[in-house]
Amino acid sequence: MNLILHLLLDAAVIFGLAYLMPQVDVKNFGTALLIAVLLGLLNFFIGWIIRFPLNLVTFFLLTGIVRIVVTAVLLKLIDKFMDSFTIVGFWPALVIALAVAVAGMLIDRSAPTPEMVESGYEVSRYIIRLVV
């Protein structure tokens, strides 16, 4: 269920930013959904190959920034393969990658997976709320 929610929200973010940004063109919501699926697959299969050397160079201190930059690169790669999706420049891809990362973080905080609950994520979240 969490995967479907992530894909739909990523597609909505991509489609919404394409509406707001003149440098980004997405044909329709179905195309945005296909982009979200391709982005997820590329992040799973290729993203770690790109992220690992970059994280080694930064001593794993900039993991979040590296993940956002790699997502932007993968968006540009998807742009090259699809005719119904266009991004002019790298900065709009970076903005979309940042928005997708923020949306994913909000979903993970509002609907944690069972693995997150078992690892103590929920407990630490409530302890932080009690302390603050």
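Provided above is the structure to which this section pertains.
Residue indices begin from 1 for each chain and proceed along its sequence in written order. In view of the model being predicted, local features appear only for residues whose pLDDT reaches at least 70, and side-chain atom pairs are presented and counted only at 80 or more, with totals across whole chains, interfaces and linings using the full set of residues. Processing note: side-chain calculations cover all non-hydrogen atoms of the structure and skip hydrogens and water entirely.

Asker: Is there a simple way to think about the pattern of salt bridges in this case?
Answerer: Any two side chains of opposite charge can pair, given that their charged atoms come close. What counts as a salt bridge is simple: a side-chain nitrogen of Lys or Arg found within 4 Å of a carboxyl oxygen of Asp or Glu. The full count for this structure, using the stated rule, is 1 salt bridge. With a shortest N-O distance of 3.6 Å, Lys76 and Asp79 are connected by a salt bridge. You can see Lys76 and its partner Asp79 sitting in helix 3 (residues 63–81), 3 residues apart, about one turn around the helix. Of the two residues, Lys76 and Asp79, both sit in the buried class. Each helix is a run of DSSP H or I of at least 4 residues and each strand a run of E of at least 2, with the numbering of both proceeding from the N terminus. Exposed residues in this analysis have more than 50% of their type's maximum accessible area, buried residues have under 20%, and partly exposed residues fall in between, with area computed by a 1.4 Å probe over protein chains only.

Asker: Whenever I open this one, the packing of helix 2 (residues 29–57) against helix 3 confuses me. Can you help?
Answerer: A pair of packed helices is characterised by two quantities: the angle between their axes and the separation of those axes. The geometry of helix 2 relative to helix 3 is characterised by a closest axis approach of 8 Å and an angle of 130 degrees between their N-to-C directions. Overall, the two elements helix 2 and helix 3 adopt an arrangement that is oblique. Along this stretch, helix 2 crosses helix 3, giving a crossing that reads as right-handed. Within the contact between the two elements, helix 2 uses Ile35, Leu38, Leu39, Leu42, Asn43, Gly47, Ile50, Arg51, Leu54 and Asn55 and helix 3 uses Thr63, Val66, Arg67, Val70, Thr71, Leu74, Leu75, Leu77 and Ile78. Lines are fitted to the C-alpha atoms to define the axes, a helix being fitted only along its stretch in contact, and any angle between axes, read from their N-to-C directions, falls within 0 to 180 degrees. In what follows, roughly perpendicular refers to angles from 65 to 115 degrees, roughly parallel to angles under 35, roughly antiparallel to angles over 145, and oblique to any angle outside these ranges. Crossings are classed by handedness, with left-handed meaning an anticlockwise turn of the near helix from the far one by less than a right angle and right-handed meaning a clockwise turn. Contacts: residue pairs with any heavy atoms within 4.5 Å of one another.

None of the figures reported here should be taken as evidence of function without further support.
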